Each structure stands twice: as C-alpha cells, then as structure tokens.
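# Architecture and fold: a report
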Amino acid sequence: MRRGAIVRATTRLLALALGGLLCAHALAQSDFPRKPIQVVVPYGPGGAVDVAVRIVAEHMGQSLGQPLVVLNRPGGNANIGPGVVLQSPSDGYTLLASSTATVVNPLVDPKLGWSRDSFQPIARMATSPSLFVVAPALGVRTLADFVALAKSKPGELTTPVTGFGSSQAVARESFTRLAGIRLLDVAYKGGTSFVPDLLGGRLAMSVSPLNVVLTMVKEGRLVALANTGLVRSPLLPDVPTLTELGYADAASNSWFGLHAPSGTPAPVVQKLSAALRAAMDDPKVRLQFVTAGTEPGYLDTAAFNTFIDQETVTARRYVATLPTTR
C-alpha cells in the first residue's frame with residue numbers, strides 16, 4: 001500500500017475512533033444518572049446546610065431515577081468537604097452542598113488550593129436568616145443588654161466558631177466590630193455540635209441558623225435577641241432584625257445550593273438543575289422549608305452564577321475587615 005493510502009486509511013480510522021468516543025460520551029450524558037449521586041455536606045448532621053439538602057434529596061432522587069446519598073464531611077472550617085468533591089471526576093456523581101463558605105473560605109485562606117471557580121454552580125434552593133441567641137441563664141433579654149454585658153467583660157463571653165466563611169460568621173464578626181465588643185472564640189466542627197454547650201450555659205452567645213434553633217427558642221430553652229435577615233420572620237415575629245436595632249451592615253442571610261466540580265458537562269448540570277427546580281416547585285417540599293424557617297428561593301444555573309458574583313463582591317469587603325491574626 002502506498003504511503004498516501006496508508007495515511008488516508010489511518011486518518012479514517014482515527015476519525016471513526018474519535019467519533020465513537022464522542023458518541024459514547026454523549027450517550028453517557030444523555031442517560032445520566034446511571035448510579036447513585038453523592039452530595040457532600042461540609043458540616044455535621046443537623047446543621048442548616050445538612051437539613052436543606054436532605055429536604056430536597058428524596059424528591060430529586062425520584063426525578064432522576066437514582067438516589068441522592070448525603071455524606072457529611074465536617075471539619076477544617078468547612079474546607080474538608082470541598083476537597084473531597086474536587087478529588088472526584090467532573091461527571092455529576094459527586095456534588096457539593098454549597099453555602100456562603102464556598103465563596104468566603106478561599107478568600108479568608110488563599111492557600112486552600114481551590115476557589116469558587118473550582119466549582120460549577122448548579123442551582124440555589126433557598127435562603128435563611130440566622131438568630132442571635134443566648135441561654136436564659138445569661139440573664140439578658142435584648143441585644144442592647146448583651147452589648148452592655150460584653151463591654152463589661154471584654155474577651156470573656158464565649159461564642160462557638162466553625163470558621164469565618166459562613167453567613168453566621170459574617171453577621172457575628174460584623175456585629176462585634178460595629179458594637180465595639182470582643183468575644184472569646186471557641187472552635188467547633190460545625191453542625192449542631194455546639195448546641196449542648198450553649199444550652200448548658202458554657203457558651204454565652206451564638207449566631208445560628210433559624211432552622212437549627214427555632215424549636216429551642218419557641219420552647220424557651222434559648223432567648224433570641226435579633227434576626228440577621230432583612231425582615232422579621234413570621235415564625236418569630238417578636239424578634240427584631242439587626243437593621244431595626246441599628247446594625248444594618250451586619251445583616252446576612254444564609255443560602256443553600258448545589259455545586260459540581262468545574263468541567264462537569266452542561267447537559268448533566270441542566271438535568272440536576274431541573275431536578276432541583278422540580279423539588280422546589282413541590283408544595284410539600286416548600287412547606288418543609290418554610291416550617292423549618294427557610295425561604296424557598298430557587299435560582300437556575302445562570303441566575304445562581306450571577307448571585308455568586310454578587311456574593312463574592314460582598315465577601316471581599318467582609319474579609320478585608322478580619323484581623324490578620326486569623
């Protein structure tokens with residue numbers, strides 16, 4: 001066979017092989033998912049992010065025809081979970097339960113080795129305010145009382161800290177700076193691990209997601225001093241907002257979403273986003289969110305990406321205010 005014929009034959013074979021690979025790749029995307037999907041939560045069980053993901057997981061699994069398996073990977077200031085996700089292929093089978101920390105943490109610690117651009121937004125599911133809460137034994141009933149007590153005991157009143165990337169951390173740090181007070185940080189892994197110490201009076205104050213402490217406030221086991229949201233919660237209409245109390249710059253809502261490693265195929269992202277939309281459109285799912293003190297707030301991939309851009313601008317301003325010793 002002449003050289004030219006050999007080249008042409010080889011080219012045809014390569015083209016056929018490449019075409020076969022492309023067809024196989026397209027087929028793999030079109031029949032996604034073919035196995036269970038893991039959703040990594042960077043916090044312990046019972047936390048706000050964990051609760052939100054578990055509410056939608058069952059419905060999404062039914063829509064997709066494969067279960068969503070929630071894996072809690074707390075620790076490392078909520079940085080262990082993202083690392084686990086980034087070690088997985090960009091195929092849609094390992095997702096990150098995302099929140100404010102997904103944006104803020106890489107800005108707080110640029111040495112993490114990942115950033116918001118390491119992940120592909122899928123969709124946002126909901127938002128939620130947090131509450132400034134204290135144990136009744138502390139003896140304060142208003143935020144002004146707490147500020148006065150903190151000023152009389154600088155650096156003595158304790159507060160749980162799971163990192164500085166959550167919306168709760170944003171609200172707490174912004175508030176203490178505005179109020180001119182200093183608290184004593186006590187490290188916890190996240191989730192609800194700090195709650196026993198808070199109820200027992202070993203912690204003075206916490207800024208906690210409303211859906212985590214709502215029942216305890218209603219039962220009188222905790223006292224809510226302020227709401228970090230822009231408006232009062234209908235579940236706790238007597239609790240004033242930080243804005244009402246003169247701390248508008250400390251107001252900060254949590255948000256909950258899903259991200260995948262960057263490079264995840266667009267058709268896979270679209271299927272996951274559509275499944276989350278279907279879950280958030282279900283009245284039963286929405287009721288579960290509302291009952292837990294969380295506001296359903298679905299954003300599709302494009303809108304969620306724009307939202308992340310806005311969050312990044314806010315996060316940069318917040319991180320610039322943190323002491324360099326942290």
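Residues numbered from 1 in each chain as written. Predicted model: local features only at pLDDT ≥ 70, side-chain atom pairs only at ≥ 80, totals over all residues. Heavy atoms only, no water.

### A short note on the side chain of Ser167
The test is simple: Elements are defined by DSSP. Helices are runs of H or I of four residues or more, strands are runs of E of two residues or more, and each kind is numbered from the N terminus. Only protein chains enter the accessibility calculation, which uses a 1.4 Å probe; a residue is then buried when its area is under 20% of its type maximum, exposed when over 50%, and partly exposed in between. Note on contacts: a residue pair is in contact if any heavy atoms of the two residues lie within 4.5 Å.
Following the sequence through the fold, Ser167 ends up in helix H6 (residues 167-179). Look at Ser167 and you get buried, because its relative accessible area is 3%. Beyond its immediate stretch of four places on either side in the chain, Ser167 contacts Thr100, Ser130, Ser252, Asn253 and Ser254.

### Details of the confidence of the model for the protein chain
The following threshold applies: A score between 0 and 100, pLDDT records how confident the predictor is in each residue.
Looking at the protein chain, pLDDT values average 89 and 90% of them are 70 or higher. Within the model, pLDDT remains below 50 along residues 21-28, and this stretch shows 1 contact once partners closer than five positions in the same chain are excluded.

### Thoughts on unusual backbone geometry
Look at the link from Phe32 to Pro33: it is a cis peptide, with omega at 0°. Its location among the elements puts Pro33 in the loop between helix H1 (3-30) and strand S1 (37-41). Its identity is not glycine, yet Asn77 carries a phi of approximately 55°, on the positive side. Checked against the element boundaries, Asn77 lands in the loop between strand S2 (68-72) and helix H3 (80-86). Its identity is not glycine, yet Ala78 carries a phi of approximately 70°, on the positive side. Tracing the sequence through the fold places Ala78 in the loop between S2 and H3. Look at Ala78 and you get buried, because its relative accessible area is 6%.

### Observations concerning the packing of aromatic side chains
Which entries qualify depends on this criterion: Think of it this way: a Phe, Tyr or Trp ring, Trp meaning its six-membered ring, pairs with another when their centres are within 6.5 Å, and the plane angle makes it stacked under 30 degrees, edge-to-face over 60, tilted otherwise. A positively charged side chain is recorded as over a ring if its NZ (Lys) or CZ (Arg) lies within 6 Å of the ring centre. The angle to the ring normal must also be within 35 degrees.
In total, this model carries 8 aromatic pairs according to the counting rule given. Note on Trp114 and Phe119: the rings are 5.7 Å apart at their centroids and 85° apart in plane angle, and the pair reads as edge-to-face. The pair Trp114 / Phe119 is uniform in exposure class, with both members buried. Both rings, one in Phe304 and one in Phe307, keep their centres 6.4 Å apart while their planes meet at 25°; by these two values the pair is stacked. With Phe304 and Phe307 both in helix H11 (residues 301-320) and 3 residues apart, the pair spans about one turn of that helix. Across the pair, exposure class does not vary: Phe304 and Phe307 are buried alike. Site record: aromatic cluster; members linked through ring pairs are Phe132, Phe175 and Tyr247. Across from the ring centre of Tyr93, 4.8 Å away, lies the NZ or CZ of Lys35, which sits over that ring. Stacked on the ring of Phe307, the Lys or Arg Arg124 has its end atom at 4.8 Å from the ring centre.

### Looking at the nonpolar core
Rule in force here: Put simply, a nonpolar core is a bunch of buried Ala, Val, Leu, Ile, Met, Phe, Trp, Tyr and Cys residues held in one set by side-chain atoms that sit within 4.5 Å of each other.
Ranked by internal contacts, the top residues of the largest apolar core, which has 55 residues, are Val56, Met125, Leu131, Leu276 and Phe289. Top contributing element to this core by residue count: helix H2 (residues 48-64), with 9 residues. Once you skip the residues sitting within four places of it in the chain, Leu276 turns out to touch Val56, Met60, Ala123, Arg124, Met125, Leu258 and Tyr298. If you look at the next biggest cluster of nonpolar residues, it comprises 23 residues, including Phe132, Leu183, Ala226 and Leu242.

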